[in-house]
Amino acid sequence: MGCAGLASAQEQTVNLYSARHYQTDEALYADFTKATGIKVNRVDSDDAGILARLKAEGAASPADVILLVDAARLGKGDADGLFKPIKSKLLEAAIPAQLRAKETAEGTSWFGFSTRARVVVYDKLKVKQADVDTYEELADPKNKGLLCTRSGAHPYNLSLFGAVTEHLGEAKTEQWLKGMVANMARAPKGGDTDQIKGVASGECGIAITNTYYLARLMRSDAPEDKAIMERVGVVFPNQQSWGTHVNIAGAAVAKNAKNTANAVKFMEYLASPSAQNHFANGNNEWPVVASVKVSNPALQAMTGGSFKSETIPISAVANNQLKVQQMLDRVGYK
């Protein structure tokens, strides 16, 4: 993580540590500067790297805003005391309660600004949609030898498993994870796009992915990407029960922020219609502000316009991470 150009305490700057490595976000930052006159100085890394850096820098950290792409990591940063709770009537009104940290007397320590669903993809030539329309069925013996996933310990899976723990309880979730291991077509490896390609190639019959990876393939003009999407089907699981799991990209004010007022302005900007539309169209995510309507054709095609998402607090999902990691070790989910 390079830090050239970071400002520590200038009136019209905000220092951002971002795990959003999407080029399309450049326009978002530029629009904020144009609207407010506040320059965004950005440092890029992954979620874990940002949290480690904040710990190492301590009170000397120049960071004002922390932007992460997973609820589990936001929860960990909060638990480690790396964030400064804030009070913002605008954010409290705009962001649904289940997509932000639990409010305390000091304020709220982090807010979600976009969501992505964790869905099932399946080989339309080998698998019936009705056999994979719930997360529970991923562990059903009828799907033995078909399942492919990335590492169980990856934050995207940890958050899904943390949500399932909230729905089913620890004992049933551990049995579910054990069943998933028994159904693996191969050892967990690669990223979400690799899982989709594995289904399209016939290596896997079923896989789990975040929706924005699918949307990228759907919006691609490359013949190989079109061929992938012709082979795979998409299921938003548990539409008849608790709804599909959603994760968030979210932001917090750094504990030792020197430009707190500008940091709050930046976070409030992320809840604005223009920024929310940018999340939807730039990186194929769903906005969290209910009044913002999505015009992304891939997201529309994927869902038919809408889907039922779970409503459990994302903070509770984050709090289940340690339990989940212990379960993964016990069942041998690598």
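Preceding block: the structure.
Residue positions are given per chain, counting from 1 as you read along its sequence in written order. Only residues with pLDDT of at least 70 get local features here, since the model is predicted, and only at 80 or more are side-chain atom pairs given and counted; chain-wide, interface and lining totals rely on the full set of residues. Side-chain figures throughout are based on the complete set of non-hydrogen atoms in the structure, without hydrogens or water.

Undergrad: What exactly am I supposed to notice about the overall build of the protein chain here?
TA: The secondary structure content of the protein chain amounts to 14 helices and ten strands. The globule rule used here is 2.2 Å times the number of residues to the 0.38 power, and the radius of gyration it is set against is calculated over C-alpha atoms. Here the protein chain has a C-alpha radius of gyration of 20 Å; the compact-globule value for 334 residues is 20 Å, and the two agree. Counting only C-alpha atoms, the protein chain reaches 60 × 45 × 35 Å along its principal axes. Three exposure classes are used, based on accessible area relative to the maximum for each residue type with a 1.4 Å probe and protein chains only: buried under 20%, partly exposed in between, and exposed over 50%. The 334 residues of the protein chain split such that 56% are buried. We call two residues in contact whenever any of their non-hydrogen atoms come within 4.5 Å of each other. A separation threshold of at least 6 residues defines the contact pool for the protein chain, and within that pool the share at least 24 residues apart is 77%. Computed with a 1.4 Å probe, the accessible areas rest on the Shrake-Rupley method; for each residue, only the protein chains presented here act as cover. Carbon and sulfur atoms form 51% of the exposed surface of the protein chain, whose accessible area is close to 13700 Å². Only DSSP runs of H or I with at least four residues qualify as helices, and only runs of E with at least two residues qualify as strands; both kinds are numbered from the N terminus onward.

Undergrad: Before we go on, may I ask you to explain the nonpolar core in this structure?
TA: Across soluble globular proteins, nonpolar side chains show a tendency to be buried alongside one another. Membership of the largest hydrophobic core comes to 77 residues, with the highest contact counts inside it found for Ile-66, Phe-83, Ile-95, Phe-113, Met-267 and Leu-270. When residues of this core are assigned to their parent elements, the largest contribution, seven residues, is made by strand 9 (residues 246–254). Sequence-distant contacts of Phe-83, defined by excluding residues within four places in its chain, comprise Leu-51, Ile-66, Leu-68, Leu-74, Gly-77, Asp-78, Ser-109, Trp-110, Ala-252, Val-253, Ala-254 and Lys-255. Nine residue types can take part in a nonpolar core, namely buried Ala, Val, Leu, Ile, Met, Phe, Trp, Tyr and Cys, and a core is a set of them joined through side-chain atoms within 4.5 Å.

Undergrad: Explanation requested: helix 1 (residues 25–36) in the structure shown.
TA: Turn by turn, an α-helix covers 3.6 residues, leaving residues three or four places apart pointing in a common direction. Expected span of a helix, by definition, is 1.5 Å for each gap between consecutive residues, and there is one gap fewer than residues. Here helix 1 spans 17 Å end to end across twelve residues, near enough to the 16 Å set by a 1.5 Å rise per residue. Within the sequence span of helix 1, burial applies to Asp-25, Leu-28, Tyr-29 and Phe-32. Across the axial projection of helix 1, the buried residues extend over an arc of 95°, all falling on one side. Looking at the packing, one finds that the buried side of helix 1 touches strand 1 (13–18), strand 2 (39–44), strand 3 (65–68), helix 10 (260–270) and helix 11 (273–282). Immediately downstream of helix 1, the backbone of Gly-37 shows phi near 80°, a positive value. Note that the arc is defined by the directions from the helix axis to the C-beta atoms.

Undergrad: Just to check I follow, could you spell out unusual backbone geometry for this structure?
TA: Excluding glycine, residues mostly have negative phi values, and the peptide bonds linking residues are mostly trans. Positive phi values are uncommon outside glycine, yet Asn-238 reaches one of about 60°. Mapped onto the elements of the fold, Asn-238 is located in the loop between strand 8 (232–235) and strand 9. The backbone of Asn-284 sits at a positive phi, close to 60°, despite the residue not being glycine. With respect to the helices, strands and loops of the structure, Asn-284 is situated in the loop between helix 11 and strand 10 (286–287). Assessed through its relative accessible area of 5%, Asn-284 is described here as buried.

Undergrad: I'm lost on the state of the cysteines in this one. Help?
TA: Disulfides are defined in this document as cysteine sulfur pairs within 2.5 Å. Applying the stated criterion across every chain yields a total of one disulfide. There is a disulfide in this structure between Cys-148 and Cys-204, and the S-S distance comes to 2.0 Å. Residues Cys-148 and Cys-204 are joined through a disulfide that is left-handed, its torsion about the S-S bond being -85°. One end of the pair, Cys-148, is in strand 6 (residues 147–148); the other, Cys-204, is in the loop between helix 7 (192–201) and strand 7 (206–210), with 56 residues separating them in the sequence. Assessed through its relative accessible area of 0%, Cys-148 is described here as buried. Among the residues examined, Cys-204 registers a relative accessible area of 1% and is labelled buried.

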